[in-house]
Amino acid sequence: MAVLYCGTKRFRQFIIAGADWVAKNREELNKINVFPVADGDTGSNMSVTLASAARGIEAAGQTRLGATVRAAAWGALMGARGNSGIILSQILSGFTEGLDGRERLFADDIVLGFSRGVENAYKAVLHPTEGTILTVARETAEWAEEAVRNEKDLAGLLNGMVKSARASVERTPSLLPKLAEAGVVDAGGAGLCLLFDAMCNTVAGDPLPAAPPVERIHVHAPEAPTGHGGGDVADLRYEVMYMLEARDEAISDFKAVWAGIGDSIVVVGGDGLWNCH
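Residues numbered from 1 in each chain as written. Predicted model: local features only at pLDDT ≥ 70, side-chain atom pairs only at ≥ 80, totals over all residues. Heavy atoms only, no water.

### Notes on the nonpolar core
As a reminder of what qualifies: By convention a nonpolar core is built from buried Ala, Val, Leu, Ile, Met, Phe, Trp, Tyr and Cys residues, the set being connected through side-chain atoms within 4.5 Å. When a residue's accessible area, from a 1.4 Å probe over protein chains only, is under 20% of the maximum for its type it is buried; when over 50% it is exposed; and in between it is partly exposed. Numbering goes from the N terminus for both helices and strands, where a helix is a DSSP run of H or I of at least four residues and a strand is a run of E of at least two. Pairs of residues are marked as contacts when any of their non-hydrogen atoms sit within 4.5 Å.
With 73 residues, the main nonpolar core has F11, I15, F114, L192 and F196 as its most contacted residues. Ranked by residues supplied to this core, first place goes to helix α10 (residues 187–204) with 11 residues. Excluding its chain neighbours within four sequence positions, the residues that come into contact with I15 are L50, A53, A54, I57, A72 and L92.

Okay, here's the thing in structure tokens:
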């Protein structure tokens, strides 16, 4: 039987199952993390971010759909770690618009929310790089925008999104030489596939697969990083993340200044509170 909409209960299941599945596979994602810095933490960062989204939902309690979605997005923003985590938080933020009074998200709503989230993610990254989670999210959104014209069953739509995301992940080494040199796909993109896997299996009522999907989409894992003392880290000696209280109108100038002293700059938030990486 077709599943035509996502209510509060199913959205909660999406986030909680996604957080659980990424957490169970975080070490596999860490092993293939080579960009932007081979510090072996992409899986951990995405896991922490989704766990924070799940805690936000739990703290909100049994509430309406709009409040549940906003709690997940806010939790992800507050708990976001690393580039991949912040980008993931922005993808979730796309679902928060236009929810007042709504108790159901249909296929068109899910695709629209996801597409808005991808746009937010690209805006958040000062210098977007293709061949990363951004590419996987964008190409999946583009596929979904076409598919949803005819596919209204959430199970069918999400299954197609999983396949599209996997194909995009497999192409990432052709877009980013650093991945090709290491013989891996993008770790953030692979993590996004895991989230889609969890959503797809949840809506279909199926158990999550026993074998980590990431094993099937990377060539080999490089040696685990031993620290920040050399190798691929080069001049990028420190990773800096913090919450910033600042007027919204000051953020543009802040980004410009910060870009002069760092790399992989991401700043997200609003209403006076910003998550900076």
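The discussion continues.
### So, the side chain of T172
Our working rule: By the criterion applied in these results, polar contacts are pairs of N or O atoms within 3.5 Å in which, for protein atoms, one can donate a hydrogen and the other can accept it, and in which residues neighboring in sequence qualify only through two side-chain atoms.
On the secondary structure map, T172 appears in helix α8 (residues 154–175). At 2.6 Å, the side chain of T172 forms a polar contact with the backbone oxygen of V169. Apart from residues lying up to four places away in sequence, T172 is in contact with G131, V136, L179, V185 and D186.

### Topic: helix α1 (residues 8–24)
Selection rule: Expected span of a helix, by definition, is 1.5 Å for each gap between consecutive residues, and there is one gap fewer than residues.
Taking 1.5 Å per residue as the helical rise, α1 with its 17 residues ought to reach 24 Å, and the 24 Å between its terminal C-alpha atoms agrees with that figure. Turning to α1, its buried residues are T8, F11, R12, F14, I15, A17, G18, A19, W21 and V22.

### Some thoughts on the packing of aromatic side chains
Where we set the bar: Each pair of aromatic rings taken from Phe, Tyr and Trp, with Trp reduced to its six-membered ring, is defined by centres within 6.5 Å and is described as stacked if the planes are under 30 degrees apart, edge-to-face if over 60, and tilted in the remaining cases.
Tallying each qualifying case throughout the model produces two aromatic pairs. Plain terms: the ring middles of F114 and F196 are 5.6 Å apart, the flat faces sit at 80° to each other, and that makes the pair edge-to-face. Taken as a pair, F114 in helix α6 (residues 107–124) and F196 in helix α10 lie far apart in primary sequence, 82 residues in all. For F196, a relative accessible area of 4% puts it in the buried group.

### A closer look at the pattern of salt bridges
Put simply, the test is: By salt bridge we mean one thing: a side-chain nitrogen of Lys or Arg within 4 Å of a carboxyl oxygen of Asp or Glu.
All told, the structure shown has 12 salt bridges when counted by the stated rule. With a shortest N-O distance of 3.6 Å, R12 and E58 are connected by a salt bridge. Residue R12 is found in helix α1, and its partner E58 is found in helix α3 (residues 42–60); the two are separated by 46 residues along the sequence. R12 gets classed as buried once you look at its relative accessible area, which sits at 12%. Its relative accessible area of 46% is what places E58 among the partly exposed residues.

### Some details on the packing of helix α5 (residues 82–93) against α6
Packed helix pairs are specified by the crossing angle of their axes together with the interaxial distance, meaning the distance between the axes. For clarity, the cut-off: Here the axes come from fitting lines to C-alpha atoms, over the contacting stretch only for helices, and the angles between their N-to-C directions go from 0 to 180 degrees. Roughly parallel here means an angle under 35 degrees, roughly antiparallel means over 145, roughly perpendicular means 65 to 115, and every remaining angle is called oblique. By the definition used in this description, the sense in which the near helix is turned from the far one sets the handedness, with an anticlockwise turn below a right angle giving left-handed and a clockwise turn giving right-handed.
Packing of α5 against α6 brings their axes to within 6 Å, and their N-to-C directions diverge by 140°. As judged from the angle between their axes, α5 and α6 are oblique. As α5 packs across α6, the resulting crossing turns out to be right-handed. Residues I87, Q90, I91 and S93 of α5 form the contact with α6, whose own contacting residues are G113, F114, G117, N120, A121 and A124.

### Describing the confidence of the model for the protein
In plain terms, the rule: The predictor rates its confidence in each residue with pLDDT, a number between 0 and 100.
Across the protein, pLDDT averages 83, with 85% of residues at or above 70. Low confidence marks residues 215–234, where pLDDT is under 50. Its contacts with residues over four positions away, or in another chain, come to 33 contacts.

### Considering α3
For α3, which comprises 19 residues, the first-to-last C-alpha distance of 27 Å matches the rise-based estimate of 27 Å (1.5 Å per residue) to within 8%. Burial in α3 covers these residues: T42, G43, N45, M46, S47, T49, L50, S52, A53, A54, G56 and I57. Looking at the buried positions of α3, the neighbouring elements they touch are α1, α2 (26–31), α4 (65–79), α5, α7 (133–147) and α10. Positive backbone phi, approximately 75°, marks G61, located one or two places after α3.

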